[in-house]
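Single-letter residue listing:
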Amino acid sequence: MADVTKVNDLISIERSGDIALICIDNPPVNATGQVVRQGLLDAVEQLKADDTAKVIAIYAAGRTFVAGADIREFGKPSQPPSLPDVYNIIEDCQTPIIAIMHGTALGGGLELGLATHARIGIEGLRVGLPEVNLGLLPGAGGTQRVPRLAGIPMALDMSLSGRMVSAKEALDKGLLDRLVAGEPRDVALVAAQDVLDGKLTTRHTCDLDTPRDDKALDDTAAMLKVKQAHLFAPHKIVEAVRASYLPRTEGLKIERQGFLDCMQTPQRSGLIHAFFGERAVSNIPEAKGDTRPLAKIGVIGGGTMGSGIATSCLMAGLSVRLIEVAQDGLDRGVATITKNLEGAVSRGKMSAAKKDAALANLSPSLGLDDLADVDLVIEAVFENMDVKKDIFGKLNTICKPGAILASNTSYLDVNEIAACTDRPQDVLGLHFFSPAHVMRLLEIVQGAKTAPDVLATGFALAKTLKKVGVLAQVCDGFIGNRILSHYAKTAAYLVLDGASPQHVDNALEGFGFAMGPHKVSDLAGMDIGWANRKRLAATRDPAERYGGDVADRICEQGWYGRKTGQGYYIYGQGAPVPNPEVATIIDGVRADKGITPQDFTDQDIVDRYMTAMIAEATRVVEDGTAKRPLDVDMVFVFGYGFPRHRGGPLHYADTIGAAELVRRIKEYAKEDAHYWQVPALLEKMAAEGTKFADLNK
Ligand code: CAA
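Residues numbered from 1 in each chain as written. Predicted model: local features only at pLDDT ≥ 70, side-chain atom pairs only at ≥ 80, totals over all residues.

### Re the site of the ligand
Argument step 1. As a matter of local geometry, the ligand sits amid 25 residues, with Ala67, Gly68, Ala69, Gly107 and Gly108 nearest to it.
Argument step 2. At the level of elements, β6 (104-106) and α3 (108-115) are the ones that each hand at least two residues to the shell around the ligand. (Near = placed C-beta within 6 Å. Helix = DSSP H or I, 4+ residues; strand = E, 2+ residues; numbered from the N terminus.)

### Focus on the sheet that holds strand β8 (residues 126-128)
Whether parallel or antiparallel, the strands of a sheet pair through hydrogen bonds between backbone atoms.
Argument step 1. On the basis of which strands lie adjacent, the open sheet formed by 3 strands has the order β6-β8-β9 and mixed pairing. Lying at the two open borders of the sheet, with one neighbouring strand each, are β6 and β9 (165-166).
Argument step 2. Of the pairings in the sheet, the one linking β8 to β9 comprises 2 bridges and is antiparallel in character. Paired with Arg126 across the two strands is Ser166, which belongs to β9. (Pairing = 2+ DSSP bridges.)

### Some remarks on the environment of Leu160
Argument step 1. Along the chain, the position of Leu160 falls in helix α5 (residues 152-161).
Argument step 2. The spatial distance from the C-alpha of Leu160 to the C-alpha of Leu137 is 8.6 Å, given a sequence separation of 23 residues.
Argument step 3. In contact with Leu160, other than residues within four places in its own chain, are Val132, Pro234 and Ile237. (Contact = placed C-beta atoms within 7 Å.)

### Describing the packing of helix α24 (residues 602-622) against helix α28 (residues 680-688)
Any two packed helices are characterised by how steeply their axes cross, that is the angle between the axes, and by the distance between the axes.
Argument step 1. In the contact formed by α24 and α28, the axes pass within 8 Å of each other and the chain directions differ by 95°. Here α24 is positioned roughly perpendicular relative to α28, judged by the angle of their axes. For the pair formed by α24 and α28, the contact residues are Thr618, Val621 and Glu622 on the first element and Ala680, Leu681 and Leu682 on the second.
Argument step 2. Its residues placed into classes, the contact of α24 with α28 shows 4 nonpolar, 1 polar and 1 charged. (Axes fitted to C-alpha atoms, helices over the stretch in contact; angles between N-to-C directions. Parallel < 35°, antiparallel > 145°, perpendicular 65-115°, else oblique. Nonpolar A, V, L, I, M, F, W, Y, C, P; charged D, E, K, R; others polar.)

### Remarks on unusual backbone geometry
Argument step 1. Cis peptide bonds are those with omega within 30 degrees of zero, and the linkage from Pro27 to Pro28 qualifies with 5°.
Argument step 2. Inspection of the secondary structure assignment puts Pro28 in the loop between β3 (19-24) and α1 (34-48).
Argument step 3. At the junction of Pro80 and Pro81, the peptide bond is cis and its omega measures out at 0° in the coordinates.
Argument step 4. Within the secondary structure layout, Pro81 lies in the loop between β4 (55-60) and α2 (83-92).
Argument step 5. Residue Phe478 is not a glycine yet carries a positive backbone phi of 55°.
Argument step 6. The topology assignment puts Phe478 in the loop between β18 (468-473) and α18 (480-497).
Argument step 7. By C-beta crowding, Phe478 is classed as buried, having 27 other C-beta atoms within 10 Å. (Buried ≥ 20, exposed ≤ 12 C-beta atoms within 10 Å, placed from the backbone.)

### A word on the domain arrangement of the protein chain
A common way to report how large an interface is uses the accessible area buried once the components associate.
Argument step 1. Split by domain assignment, the protein chain resolves into domain 1 (3-264), domain 2 (285-478) and domain 3 (481-625 + 657-696).
Argument step 2. Here domain 2 and domain 3 have C-alpha centroids that lie 31 Å from each other.
Argument step 3. Each side of the interface is counted separately: domain 2 has 8 residues, and domain 3 has 6 residues.
Argument step 4. Broken down by class, the residue content of the side of domain 2 that touches domain 3 amounts to 4 nonpolar, 3 polar and 1 charged. (Domains from an automatic or database assignment.)

As structure tokens, this is what we get:
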């Protein structure tokens, strides 16, 4: 029987002759929470004092080595011992210690390995320093030990990109000493014996000097000043990596201070909200339970959306039947899919062989009749209720019993579509975002009669496609587009009332949006918004201030944005420039409406835009269109280019506070009481002093 003693609930020591194995067993990902830190410390102290232990091997149970510090502890008072202290004690131990790493060794997990005296990777291992994705820097020696083992460029690359590095690359770069196949415990016993036999060399990482590379540090620091000026952690990372020239104690002190500074920032809080939010959206009863088969997918429509959806399914290994009405449309669809897949190969997202296999899974077809044997149909034709109703009526007779019938509509009533079938329980909305093979958001729209297993299959599809599936209820625009329709008006009002489109874009890009709203509308095609305004014209509330005049007049010129060479901006060689004709149009509209332009600061623009977004987002939570505030946040982070480090509109709202938001809305309402109305939920939160975060629990 193995000689195993428990150090605490999560750490055990096994003895086999001169060899001591320390096992970390903290499912699901062996994060180094307080109990793990304490157990590791106690185990090492115990074995250090034991002359019969000549070598120590650390490995982990379960599906992965250590995936880092326990993120759930961040933002709370830290409990000793600290990770850097434990790792220094490991590094300083005179008994050789080796790490056996499998699955993923990330952040504090890789840093544990780096503090030991030799690292063995098990085939399939991936390592990384993803702390930057959480607004942090590697805070347990990563910035000091990676440069010593693999050089400054590799340390900068890993800690600034947060990317996963393959075991092969880690071996080539000197982060691993060996790469083998096998079970962690077996590998640990063999490697430990090799240390005893002198076949595996051990050394203390911090005895090495970091090879100098001032140019890499200076160039990176300069690049970050331009490209990531608004982020906090990346700059601290460069400082900490630079400190790896210093002796260990001094370097670690700078790294620690940087880590603590990062920990205090709202960026850290926003990014960690996004980390957990991404997982929490599908951690709901509706996403669980029985699912239906998902092997064969039918996609109706070979336009940009349909081709993107088909590409996404093919990339995930599903087989796709693409349906178009005419041969030229079908050929265009196949060409787009092929181009998308080739793009994925060139971006390193898939191998050429996988692309060929994906294309072999595509069967183009004319006419809906070929959808008789598919498990799921996704209709992605243009936004016209009559066309969609016609298609669903036909699918009702063509598709096999139990097949799921989904519409990719972005606004329309899924219940009305479902009513054209005699199986509304099989119908739901699956709203993808363009480009559908790239954007991670999938709104899963529950119709009044959608069956539970159909909804759960929607979530299963999101998982298969590596997308973030968010549950939404039926309304015009669901979660995202409904909120967008509301706050987009603010951008239009700001322009009517005195700002230029470029000023609005610059202010919001300064806030962190990848693109301002006018650049987005040029990119998407201004004709789309124009068509939507015309669609809604008949039902528009006469009391509502109309903000579309400027955009309408631009569209009347035939200027739809990028695709026509001009819109709010002019597109040619180099960066787009503001369209001077637009300034003339704006002056004309203001004159016609008798508007005297006001001066807006960048802050005014951000405040109005964000307050409008938050107000509608609050209503979406209030009326149950979104289940929780975090669902709205994830829709915006993964589908609308919302700055991830701000966590989403309602996480950001908590940083302002409900009382201040109510004050702002009342202030703006003096200009337009119809548009600026305080949502009842916000008023209540202001009175009670509560936060949106409280509603996520
Ligand atoms: N701390 C706490 N919980 C964690 C965690 C962590 N570091 N990593 C993952 N989890 C949780 C997830 O929230 C999830 O919980 P639920 O099941 O309750 O939703 C569960 O573990 C499983 O995670 P995934 O669903 O993500 O599982 P996966 O197999 O798809 O991915 C993974 C596994 C690649 C390890 C992924 O979870 C991941 O990337 N984790 C974060 C890694 C990371 O950022 N590490 C750095 C931490 S910061 C640090 O280490 C600072 C430092 O320098 C000291």
